Amino acid sequence: MECGYPVKPSSLVACPECDLLHRQTELAPEGEARCVRCGALLYRCCATNANERALALALAACIVIVVANIFPIVGLEVQGVHTSATLFGAVQSLWDDEVRSVAVLVFVTTIFVPLAELAGLIWVLLVLHLRLRGWGAVPILHFIESVKPWGMVEVFMLGVLVSLVKLAHIATIEPGVALFSFAVLMALLAATAAAFDADAAWEQLEDIR
Ligand SMILES: [Zn+2]
């Protein structure tokens with residue numbers, strides 16, 4: 001079995017932890033290259049396969065993110081009055097209640113950025129998978145790297161859970177489908193980020209350009 005990592009024996013790779021430069025070498029299947037000074041991971045054999053796994057995880061996350069945005073996050077019942085809200089409904093309520101800066105922040109960090117990041121990642125991984133030349137993967141990969149810090153599904157999830165605990169004694173709470181979907185989405189996004197090898201993606205893009 002040939003290693004999927006596009007190794008170029010003449011090129012150098014910098015340690016992400018201590019910046020020590022190393023010359024790339026071919027690896028055995030399932031092998032990994034580590035920094036000689038600090039032991040940080042430099043690259044893995046079969047990173048291409050890792051990116052195929054990232055594509056599968058990103059597609060699953062894409063389905064879950066749609067479910068998380070369509071169904072209600074939580075249902076509340078206070079004195080016989082029942083209300084439920086979807087994430088977008090919550091953003092709309094914040095906007096209507098004149099807390100517009102919070103509405104924009106929630107929309108950007110929990111809807112726009114996760115969706116844009118996922119769509120971009122799927123696009124790049126499909127371009128790599130199908131070896132399509134000149135399909136805008138380079139600017140999209142730059143875009144993904146720049147918006148990454150603004151995706152905050154886990155912070156949102158924590159906020160919702162804290163609010164539910166606080167509300168538990170004044171209202172009857174029914175967790176909605178979207179709440180569970182967000183929990184699954186959080187795990188899928190973390191797994192996608194762990195599987196995605198950006199360095200290998202850049203190298204592959206160089207090769208097909
Ligand atoms: Zn190092």
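Residues numbered from 1 in each chain as written. Predicted model: local features only at pLDDT ≥ 70, side-chain atom pairs only at ≥ 80, totals over all residues. Heavy atoms only, no water.

A. Geometry of the environment of T172. Within the fold, T172 resides in strand β7 (residues 172-175). T172 gets classed as partly exposed once you look at its relative accessible area, which sits at 49%. Linking T172 and L76, residues 96 residues apart in sequence, is a C-alpha distance of 5.7 Å. With residues near it in sequence (within four places) discarded, T172 still touches G75, L76 and E77. (Helix = DSSP H or I, 4+ residues; strand = E, 2+ residues; numbered from the N terminus. Buried < 20%, exposed > 50% of the residue type's maximum accessible area, 1.4 Å probe, protein only. Contact = heavy atoms within 4.5 Å.)

B. Structural context of unusual backbone geometry. With a phi close to 45°, Q79 is a non-glycine residue in the positive phi region. Here Q79 lies in the loop between β5 (74-78) and β6 (81-85). Q79 sits in the exposed class, given a relative accessible area of 81%. Here the phi dihedral of R131 falls at roughly 55°; this positive angle occurs in a residue that is not glycine. Mapped onto the secondary structure, R131 falls in the loop between α3 (100-130) and α4 (137-147).

C. Just the coordination of the zinc ion, in detail. The protein atoms that coordinate the zinc ion are C15 (SG), C18 (SG), C35 (SG) and C38 (SG), at distances spanning 2.2 to 2.3 Å. Around the zinc ion sit four donor atoms; with metal-centred angles ranging over 102 to 120°, the donor geometry is tetrahedral. Mapped onto the polypeptide sequence, the residues donating to the zinc ion form the spacing pattern C-x2-C-x16-C-x2-C. Of this pair, C18 sits in the loop between β1 (12-14) and β2 (21-23) while C38 sits in the loop between β3 (32-34) and β4 (41-44), and the two are 20 residues apart along the sequence. By relative accessible area, C38 is classed as partly exposed at 39%. (Donors = N, O, S within 2.8 Å, 3.2 Å for Na, K, Ca; no water. Tetrahedral: all angles 85-135°; square planar, octahedral: opposite > 155°, others 65-115°.)

D. Local environment of the domain arrangement of the chain. Domain annotation of the chain identifies domain 1 (1-45) and domain 2 (47-208). Once you take the C-alpha centre of each, domain 1 and domain 2 turn out to be 31 Å apart. (Domains from an automatic or database assignment.)

E. Just the pairing of β5, in detail. Where β5 meets β6, five bridges bridge the pair, whose relative direction is antiparallel. Residue pairing for β6: V78 is matched across the bridge by V81. What sits between the antiparallel neighbours β5 and β6 is a turn of two residues, in which Q79 has the positive phi angle 45°. (Pairing = 2+ DSSP bridges.)

F. Quick peek at the sheet that holds β6. Taken in spatial order, the three strands make up an open sheet running β6-β5-β7, and their pairing is antiparallel. On the outer flanks of this sheet lie β6 and β7, each paired with one strand and no other. This sheet shows a mean twist of 20° between the axes of neighbouring strands, independent of strand direction. Relative to β7, β5 runs antiparallel, the two being bridged by four bridges. Looking at β7, one finds that L76 is bridged to I173. (Axes fitted to C-alpha atoms, helices over the stretch in contact; angles between N-to-C directions.)

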